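Chain by chain, the residues run as shown.
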Amino acid sequence: MEKSLIYQDKNVKKYLVKFDKEEIDKLENRIAKYINSNYTFEGFRKGKVPKDIVKLRLGNEFQEMLLEEAEHELEHKISEEEKILFPIIIESSSIDNDIIEFEIILHTYPNIISTNFEDMVVKVPDSKGIVEEYINQRLNELLESNVILEPKNGPIEYGDFVRLEYYVIDSQGNIIEEKNELEVVVREQDPRPLIKALIGKSNGDEFEVEIPQNETENEENKETLITKAKVVQIYSRKMPELNDNFVKELNIEVETLSDLKEKIRKEGEEAVKDWQEQFIINYILSEIPNYVEIEISPETLNYYVESSINDLKTKGNYESQLEKFNNDENKLIEDIKNSALKWIKEIIVIENIANENNITVTEEELNQAIKNFGSMYGLSYARALEIVNSNHQILEELAWNELRIKVAKFIKEMVKIEEIEDTEKSNEDKEANELINQDQENQISEETNEQNMKDSTQE
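Residues numbered from 1 in each chain as written. Predicted model: local features only at pLDDT ≥ 70, side-chain atom pairs only at ≥ 80, totals over all residues. Heavy atoms only, no water.

*Asks:* Just checking my understanding: could you explain the pattern of salt bridges for this structure?
*Replies:* Where charged atoms from two side chains of opposite charge approach closely, those side chains can pair. Counted according to the given criterion, the structure contains 29 salt bridges. Between E165 and K179 there is a salt bridge, with the nearest N and O atoms lying 4.0 Å from each other. On the criterion of sequence distance, the pair formed by E165 in strand β8 (residues 161-170) and K179 in strand β9 (residues 175-185) is long-range, its members being 14 residues apart. Its relative accessible area of 23% is what places E165 among the partly exposed residues. Between E267 and K263 there is a salt bridge, with the nearest N and O atoms lying 3.1 Å from each other. (Salt bridge = Lys/Arg side-chain N within 4 Å of Asp/Glu carboxyl O. Helix = DSSP H or I, 4+ residues; strand = E, 2+ residues; numbered from the N terminus. Buried < 20%, exposed > 50% of the residue type's maximum accessible area, 1.4 Å probe, protein only.)

Written as structure tokens, this is what we have:
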């Protein structure tokens, strides 16, 4: 295959590609072999029809098949020689005098002009405040889970523990949900109407609450549902005193309050360390395009915009997308261009850094990614592996995400990382909650992975 450059604008290249007679003969032989394997011709044994007879019988259809086969060969050869962003654009094709010609346009990977990751500054919240809040919340959880319940005869107040029975009916009195029991701590921040209605009620009181319907439902078809409830028993909640005796009664590894705090502190510091690492990696990945300059042709961005808009129109989503930009198509186009530029920068920089520094995704890392994928959807490892192996796109996405993370860790060594004081306690609370939730999720994930491994071994 002979390839001659006709035109180039940065990363956009136009080529004239030629297949000579020898290459065409090979393509024709491949087609003839396929025809002989799948079809029969009158007067010939199956598989024994000469190529010239096949060409004569099929006529123009054979020429079309030849051109299609040449396109496949072209795509294969180009993929070996060029890194391209989009599928090959074939502007013209012809067969004449034992020569096949294509005029093609390639949107290749743009050259990287410069990177300046050394200028990137990642600001992460100061760990001290988060760890302290983590300790406080952990201790509160222990107190809450060991609260002392005492039967109460007075009216329900915020903070009480209540047992009640309830069932749900419609406006005609038909039972929609059979009788159930509910145990709940009545908290002021709980927005549920049923909980709000408990305030002031006493043991044995019966009451009903209308259930608000989904606002998106058709008003004409909306039906009012009613919860009918009865207070079975009210309990006041007495928090245990946080001291050494409380810790001893927990029957855990430590026996003093100071040792418990130290144990929780170590958990918090480890959780903060993991959280900060993830925060830094995610920040770097989001900022990569802002620290890279590339040499890209406007034709590439215009092609991406045109393809994206055509896709939106085909799927019937164009108008809804346009509304997000106040029906200003120029703003929509600019947004698509910016998205394209970020996407292209990320792809070429990650691949370039990975290739130059021999960064690869190992089989062990990919298997772990598959396990995590399975855990996310509640699947055994064996089932997740089956799904991934049957869908090459999922496998590629998992591998690509692992490569992104590894490259981000490589870039991390170049950037400046600063801890900043978080003066707003609410943010510390939020971050501490995230750590606690993440810690709990990790424990569940580890248990799930262990079970998945058992499942896969048994299977």
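*Asks:* Honestly, the packing of aromatic side chains in this entry has me stumped. Any pointers?
*Replies:* Scanning the model with the defined rule gives eight aromatic pairs in all. Taken together, a centroid distance of 5.0 Å and an interplanar angle of 45 degrees make the contact between F86 and Y303 tilted. Pair noted here: F86 is in the loop between α3 (60-81) and β3 (89-96) and Y303 is in helix α8 (residues 298-314), with a separation of 217 residues, a long-range link. A relative accessible area of 10% means that F86 is categorised as buried. Aromatic side chains Y304 and W343 sit 5.7 Å apart centroid to centroid with 35 degrees between the ring planes, which places their arrangement in the tilted category. Taken together, the positions of Y304 in helix α8 and W343 in helix α10 (residues 329-356) put the pair 39 residues apart, joining distant regions of the chain. Residue Y304 is classed as partly exposed on the basis of its relative accessible area, which comes to 23%. Three or more aromatic residues joined by ring pairs make a cluster, and in this case those are F86, Y303, Y304 and W343. One cation-aromatic arrangement involves K3 over Y15; the distance from NZ or CZ to the ring centre is 4.6 Å. (Phe/Tyr/Trp six-rings, centres within 6.5 Å; stacked < 30°, edge-to-face > 60°. Lys NZ or Arg CZ within 6 Å of the ring centre and 35° of its normal.)

*Asks:* How should I be thinking about the nonpolar core in this particular structure?
*Replies:* Soluble, globular proteins show a tendency: their nonpolar side chains are buried together. By size, the foremost hydrophobic cluster in this structure holds 31 residues, and its most contacted members are F117, I284, I288, V407 and I411. Elements supplying a minimum of two residues to this core: β6 (121-125), α7 (257-287), β12 (292-295), α10 and α13 (392-412). (Core = buried A, V, L, I, M, F, W, Y, C linked by side-chain atoms within 4.5 Å.)

*Asks:* I tried to follow the sheet that holds strand β4 (residues 99-107) on my own but got confused; where do I start?
*Replies:* Within a beta sheet, neighbouring strands are joined by backbone hydrogen bonds and run either parallel or antiparallel to one another. Strand order across the open sheet formed by four strands is β1-β2-β4-β3, with antiparallel pairing between neighbours. Where the open sheet ends on each side, the last strands, each with one partner, are β1 (2-9) and β3. Pairs of neighbouring strands in the sheet enclose a mean axial angle of 15 degrees, with direction left out of account. Two strands pair when backbone bridges link them, and β1 and strand β2 (residues 12-19) are joined in this way by seven bridges, in the antiparallel orientation. Along β2, the bridge assignment pairs L5 with Y15. In this fold α3 packs onto β1, β2, β3 and β4, with an angle of close to 45 degrees to the strand it touches most, β4. (Pairing = 2+ DSSP bridges. Axes fitted to C-alpha atoms, helices over the stretch in contact; angles between N-to-C directions. Contact = heavy atoms within 4.5 Å.)

Geometric values such as these leave the question of function open.
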